[in-house]
Amino acid sequence: MKNYIKYIGILALGMVACEPEFDNPVDEQDAYSNGEADFSNYVALGNSLTAGYADNALYITGQENSYPNILAQQFAKVQETQEFRIPFMADNAGGLLFGGQPNPNFRNRLVLSIIDGDTLPKVYTGMAPTTEVANSLSGYFNNMGIPGARSYHLLAPGYGNIEGLGADPTTANPYFVRFASTPGTTVVADAVAQNPTFFSLWIGNNDVLGYATSGGVDENEITSLVMFQGVYSTIVNSLLESGATGGVLINIPNVTDVPFFTYIPTSPLDPTNPQYGPNIPTLNQTFALLNPALLALRGVTEETPGESEFSIEFNPAGASPVIVRDESLPDISQQLKTVLQDNGYDEATATIYASQFGQVRQATSEDLIPLTSSSAIGALNQERFEELVEMGLPQSQAGLLATNGITYPLEDQYVLTPSEQEKISARTEEFNEHIKTVAEQNGLAHVDAAGLLSKVATEGISFDAGTVTSDFVRGGAFSLDGIHLTPRGYALVANKIIEEINKTYNSEVPTVNIGNYGTVTPNNQVGN
């Protein structure tokens, strides 16, 4: 065990009182300690959160500020350690090249632009991407965070085979293709081959996140509990059997704590918007004729307009909720058509309204609107517009009835309903229970990242220069994609990991000053 002087010890000796905190380890008294842990060869496994992904891209600065790299730097202050190797991207643009050509699915990073006084996340165009997927890196790497990886991908042979990128469905990951030791290897195999003495594992987010970000369209996007349990235990056992004497397991945050799902309000319709506000009287007149039927068929009685989500009404003096299609509701299309015809609607009009409003309601505070829905709200739904024109409506009328969130319900991918959130929450809790059990069974450190980010979302976490919150753009914890962390957010996670490692292994690894880590990047070299 090698010792290093603590920051407070340095102050007591009056030697380097003006040095930044924790930056000057010295091999003498009042030392830091690695305790019972051996950090000499640390390997990190995981997904984008481990890689340092931020602002919808992987780029050099993000990788440098990844939590594993922060940990490695702190470990080096308590013990002699091997170089922590990172499969760096070629630039700070963030995009990927496939055969020399930019891939639209892997665009440059987002930056915060200021255009006409408005601050907006936009794609950085200040430089073209230069990271070619086919240019393989040599050697092994300690940061084995693979953006997009789910738990079972870490055990999948060929996940780093470039030929798999052309398969349908894709069987490879371009980020792992860049540094896999061989085309047929697995992420875990490459980790084990390094004989790590200590490891971290943060995996499982994408096993539920894909379902969440897609608006809960396909329940098969959620990994089964049985598969997750088997895969997760196999990964941990493989690392321990390779000779690792310690490690830390990090659980999965709740999706409701990230701004990707909380930034867009469920009542985004502003009556001062010239494209929407002048149409409110006409909209309310139209829905006033439909509301009695909608309420009666839902079994809602004695409601006044606006007091039930099934009664559609827009507020001329304030923000209004969007209308959504809730697939968990019984489909009343056929009954609605009959009722409308009984009340004088011609068959064509009744058919259109019935197909459009059979599962409609106005959004409530219990819904979540993904960040990606922002461009859809109030926009023309081209597919519905063409359907209505084919049904014989004039284009002007078809356009009025095909406005997303106002006359045409936001479709499934644009809304995360309470029932969909419950599925995500239930599976996340099951995954986290297994992660904690595996940690306890093997004497490993366990980090409650879910609890940490919940605190960031609900009350914030103070540091010497302010408070870190989950507020989009301004809070400091989350990057411009609303899901991944900023350097400051990753530093916050690193400190929590260090805290739990110190408890488990009686070590004294110093934490970092999160105020020394940045947040979002302003830049006006942007495009769409």
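So, here's what we can say about the structure. This is a predicted model, so every value here is computed, not measured.

### Examining the sheet that holds strand 6 (residues 110-115)
Taken together, three strands build an open sheet; the order of strands is 6-7-17 and the sheet is antiparallel. The strands lining the two open edges of the sheet, one partner per strand, are strand 6 and strand 17 (526-527). Here strand 6 pairs with strand 7 (residues 118-124) via six bridges, running antiparallel. Bridge pairing links leucine 110 to valine 123 in strand 7.

### Let's talk about empty space enclosed by the protein
Summed over all chains, the structure comprises three cavities of 30 Å³ or more. Estimates place the volume of the largest cavity at around 180 Å³. Lining the largest cavity are 18 residues, and of these Leu49, Asn205, Leu209, Pro253 and Ile483 sit closest to its centre. Elements supplying a minimum of two residues to the lining of the largest cavity: helix 2 (48-51) and helix 7 (206-213). With three residues, the top contributor of residues to the lining of the largest cavity is helix 7. For the lining of the largest cavity, the residue count by class is twelve nonpolar, six polar and no charged.

### Regarding the nonpolar core
The biggest cluster of nonpolar side chains holds 141 residues, and the ones touching the most others in it are Leu249 and Phe314. For this core, the element with the most residues is helix 17 (residues 487-505), which contributes nine residues. Setting aside residues no more than four positions away along its own chain, leucine 249 makes contact with Phe199, Leu201, Tyr232, Val236, Ile435, Val438, Ala439, Leu444, Ala445, His446 and Val447.

### Some thoughts on the environment of threonine 130
Inspection of the secondary structure assignment puts threonine 130 in the loop between strand 7 and strand 8 (131-132). When the C-alpha atoms of threonine 130 and threonine 213 are compared, they prove to be 28 Å apart, with 83 residues separating the residues in sequence. Within the structure, the side chain of threonine 130 is placed 2.5 Å from the side chain of aspartate 91, a separation counted as a polar contact.

### With respect to the sheet that holds strand 3 (residues 42-46)
Taken together, the five strands give an open sheet; going across it, the order is 9-3-10-11-14, and neighbouring strands pair in parallel fashion. Each having just a single partner strand, strand 9 (143-145) and strand 14 (445-447) make up the two edges of the open sheet. Geometrically, the sheet is characterised by an average inter-axis angle of 15 degrees between neighbouring strands, direction not taken into account. One ladder, built from three bridges, connects strand 3 with strand 9; its direction is parallel. Within the sheet, the bridge partner assigned to glycine 46 lies in strand 9 and is glycine 145. On top of the sheet, helix 4 (residues 67-75) reaches strand 3, strand 9, strand 10 (198-202) and strand 11 (246-250); it is set at about 165 degrees to strand 3, its chief contact.

About the cut-offs
- Residues numbered from 1 in each chain as written.
- Predicted model: local features only at pLDDT ≥ 70, side-chain atom pairs only at ≥ 80, totals over all residues.
- Heavy atoms only, no water.
- Pairing = 2+ DSSP bridges.
- Helix = DSSP H or I, 4+ residues; strand = E, 2+ residues; numbered from the N terminus.
- 1 Å grid on protein atoms, 1.4 Å probe; cavity = no way out; pocket = protein on both sides within 12 Å on 5 of 7 lines; lining within 4 Å.
- Points joined across faces, edges and corners; volume = space filled by probe spheres on them.
- Nonpolar A, V, L, I, M, F, W, Y, C, P; charged D, E, K, R; others polar.
- Core = buried A, V, L, I, M, F, W, Y, C linked by side-chain atoms within 4.5 Å.
- Buried < 20%, exposed > 50% of the residue type's maximum accessible area, 1.4 Å probe, protein only.
- Contact = heavy atoms within 4.5 Å.
- Polar contact = N/O pair within 3.5 Å; in protein donor to acceptor, adjacent residues only side chain to side chain.
- Axes fitted to C-alpha atoms, helices over the stretch in contact; angles between N-to-C directions.

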